Amino acid sequence: AGPRPGAADLSGIISPWGIRLEIEVKVDAVHEDDQKIFQSMISLHGGLYILVRYSHALSLVDNVAAGVALVDAAVAERVAALLAEVSSQVQSGSAA
């Protein structure tokens, strides 16, 4: 068994929101077609797919910090959008 072709390197759930998180890390490799298909599938179903690229111009520590910052910003943006949507639904009386 194992992960399907194109699956990201890291997978998880953003708690408590239940948003699927997929992180693909690239050093010198190309983002392959099967990975792009996986990315589209995750995005179409409301998940968050992040492509992190290693830069040879940065140290390992700086690359990790840049990757974490990228993920952190993307998660914050998604959660803010989710909260805005819920707030809008509550204000309009259409929240379930």
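The numbers attached to residues start from 1 for each chain and follow its sequence in the written order. Two thresholds apply to this predicted model, a pLDDT of at least 70 for residue-level local features and 80 or more for giving and counting side-chain atom pairs, whereas whole-chain, interface and lining totals are computed over all residues. Only heavy atoms go into the side-chain values, all of them from the structure, while hydrogens and water stay out.

1. Thoughts on the layout of surface pockets
Step number 1: There is about 200 Å³ of room inside the largest pocket.
Step number 2: A cavity here means a set of 1 Å grid points, computed over protein atoms only, where a 1.4 Å probe fits but cannot escape. A pocket is an open set with protein on both sides within 12 Å along at least 5 of 7 lines, and lining residues have an atom within 4 Å of a point. Residue lining of the largest pocket: Leu10, Ile23, Val25, Val52, Arg53, Tyr54, Leu60, Asn63, Val64, Gly67, Val68 and Val71, and that is the complete set.
Step number 3: Strands here are runs of E lasting at least two residues and helices are runs of H or I lasting at least four, both read from the DSSP assignment and numbered beginning at the N terminus. Those elements that place two or more of their residues in the lining of the largest pocket are strand 2 (19-26), strand 3 (48-53) and helix 2 (60-92).
Step number 4: With six residues, helix 2 is the single largest residue contributor to the lining of the largest pocket.
Step number 5: For this classification, Asp, Glu, Lys and Arg are treated as charged, while Ala, Val, Leu, Ile, Met, Phe, Trp, Tyr, Cys and Pro are nonpolar and the rest, including Gly, are polar. Here the lining of the largest pocket is composed, by residue class, of nine nonpolar, two polar and one charged. Grid points are joined across faces, edges and corners, and a volume is the space filled by probe spheres set on the points.

2. Some words on the nonpolar core
Step number 1: Of all hydrophobic cores here, the largest spans ten residues; its members are Ile14, Ile19, Leu21, Ile23, Leu48, Ile50, Val52, Val71, Val75 and Val79.
Step number 2: Taken together, the elements giving at least two residues each to this core come down to strand 2, strand 3 and helix 2.
Step number 3: Those residues in contact with Ile23, other than ones at most four positions away along the chain, are Ala8, Asp9, Leu10, Ile50, Val52 and Val71.
Step number 4: Counting residues in hydrophobic clusters, the runner-up holds five residues, among them Ala7, Ala8, Phe38 and Tyr49. For this analysis, a nonpolar core means a set of buried residues of the types Ala, Val, Leu, Ile, Met, Phe, Trp, Tyr and Cys, connected via side-chain atoms within 4.5 Å. Relative accessible area decides the class of each residue, using a 1.4 Å probe on protein chains only: under 20% of the type maximum gives buried, over 50% gives exposed, and in between gives partly exposed. The contact criterion used throughout is that any non-hydrogen atoms of two residues lie within 4.5 Å.

3. Here's the deal with the confidence of the model for the chain
Atom-level detail of predicted coordinates should not be read off regions where pLDDT is low.
Step number 1: Per-residue confidence from the predictor is given as pLDDT, running between 0 and 100. Looking at the chain as a whole, the pLDDT averages 92, with 97% of positions reaching at least 70.
Step number 2: Mean pLDDT per element in the chain: helix 2 is the minimum at 93, and strand 3 is the maximum at 96.

4. Comments concerning the sheet that holds strand 2
Step number 1: Spatially, the three strands line up as an open sheet ordered 1-2-3, and their pairing is mixed. Strands at the two margins of the open sheet, each flanked by one partner only, are strand 1 (10-14) and strand 3. Averaged over all pairs of adjacent strands, the angle between strand axes in this sheet comes to 25°, irrespective of strand direction.
Step number 2: One requirement defines pairing of two strands: DSSP has to find at least two bridges between them. Note that strand 2 and strand 3 share six bridges and pair parallel. To define axes, lines are fitted to C-alpha atoms, for helices over the stretch in contact only, and angles between the resulting N-to-C directions are given on a 0 to 180 degree scale.

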